Amino acid sequence: GSEMCIRDRPEEIRKLEKLELSSCPKSLMHSLKAFLFCCYTGIRYSDFVLLNESNIVTIKGEKWLIFKTVKTDTKVSIPLYLLFQGKALRLLQEYHQNLSDFFHIKSNSSVNKDLKKIGVLAKIEKHFSFHTARHTNATLLIYNGAQITTVQKLLGHQSVKTTQRYSDIFSCLLYTSDAADEL
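First things first, this report covers the structure right here in the doc. (Residues numbered from 1 in each chain as written. Predicted model: local features only at pLDDT ≥ 70, side-chain atom pairs only at ≥ 80, totals over all residues. Heavy atoms only, no water.)

**Concerning the nonpolar core**
Looking at soluble globular proteins, one finds that nonpolar side chains tend to be buried together. Counting 50 residues, the largest nonpolar core has Phe 37 and Phe 48 as the members making the most contacts within it. Of all the elements, helix H2 (residues 26-41) adds the most residues to this core, at 9 residues. Residues in contact with Phe 48, not counting those within four places in the same chain, are Ala 34, Phe 37, Cys 38, Ile 43, Phe 102, Phe 103 and Ile 105. (Core = buried A, V, L, I, M, F, W, Y, C linked by side-chain atoms within 4.5 Å. Buried < 20%, exposed > 50% of the residue type's maximum accessible area, 1.4 Å probe, protein only. Helix = DSSP H or I, 4+ residues; strand = E, 2+ residues; numbered from the N terminus. Contact = heavy atoms within 4.5 Å.)

Laid out in structure tokens, this is it:
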């Protein structure tokens, strides 16, 4: 389909990270940052909007994101300091005056409209929605060599079979293309 291709994800994320939105409305910037945060953490929209300061926990001097998922009531602990060179933490630092503002975003459909505009600005031809962030997270972790069971825990999947779907798509792509050369 026209969904963002898994092979291109690392490249497309880089495009989004580099996007200069200073001249755009603040709300567009907010939608982009929330999307990137979810690319780095793998959390769903429904969980993102319920987060607040109390979900950011310091354990032995390191920051974790700890919450229960709305969908499956599973407790998830995400080591923010470990994932993607702490990029999610850097986004939180930008909002450190008022974290609840960061987690308070527009409706899912409004954010998806913003992401459409952002995609155009970033010259990403493929369609992507807020939920794409979750798939992207799993894909990037597997791309970076994370164990499937680690990815399962981070995404809060109750069954590893759910997580396996991501890695199956990914390994089949690796073997059918020259993506392996890029690893």
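**Here's the deal with the sheet that holds strand S3 (residues 75-79)**
Sheets are built from strands paired through backbone hydrogen bonds, the pairs being either parallel or antiparallel. Strands sit in the order S1-S2-S3 across an open sheet of 3 strands; the sheet is antiparallel. Two strands bound the open sheet, and with one partner strand each, they are strand S1 (56-59) and S3. On average, adjacent strands in this sheet sit at an angle of 35° to one another, irrespective of strand direction. Pairing of strand S2 (residues 62-68) with S3 involves 5 bridges; the strand directions are antiparallel. Residue pairing for S3: Lys 68 is matched across the bridge by Lys 75. (Pairing = 2+ DSSP bridges. Axes fitted to C-alpha atoms, helices over the stretch in contact; angles between N-to-C directions.)

**Some details on a nonpolar patch on the surface**
Together, Val 49, Leu 50 and Val 70 make up an exposed nonpolar region whose accessible area comes to about 250 Å². By the element assignment, Val 49 lies in the loop between helix H3 (45-48) and S1. Looking at Val 49, the relative accessible area reads 30%, which means it is partly exposed. (Patch = residues over 30% accessible without salt bridge, like charges linked within 9 Å, V, L, I, M, F, W, Y side chains within 5 Å. Areas by Shrake-Rupley, 256 points an atom, 1.4 Å probe, with all protein chains shown as cover. Salt bridge = Lys/Arg side-chain N within 4 Å of Asp/Glu carboxyl O.)

**Some remarks on the side chain of Lys 33**
Along the chain, the position of Lys 33 falls in helix H2. Here the side chain of Lys 33 touches Glu 94 through a polar contact of 2.3 Å, side chain to side chain. Not counting residues within four places of it along the chain, the set of residues in contact with Lys 33 comprises Leu 91, Glu 94, Tyr 95 and Phe 102. (Polar contact = N/O pair within 3.5 Å; in protein donor to acceptor, adjacent residues only side chain to side chain.)

**Topic: the packing of helix H1 (residues 9-18) against H2**
Taken N-terminus to C-terminus, the directions of H1 and H2 make an angle of 145°; their axes are 11 Å apart at the nearest point. H1 and H2 meet at a crossing whose hand is left-handed. Packed against H1, whose contacting residues are Ile 13, Leu 16 and Glu 17, the element H2 presents Leu 32, Phe 35, Leu 36, Cys 39 and Tyr 40 at the interface. A breakdown of the residues in the contact of H1 with H2 according to their chemical character gives 7 nonpolar, no polar and 1 charged. (Left-handed = near helix turned anticlockwise from the far one by under 90°. Nonpolar A, V, L, I, M, F, W, Y, C, P; charged D, E, K, R; others polar.)

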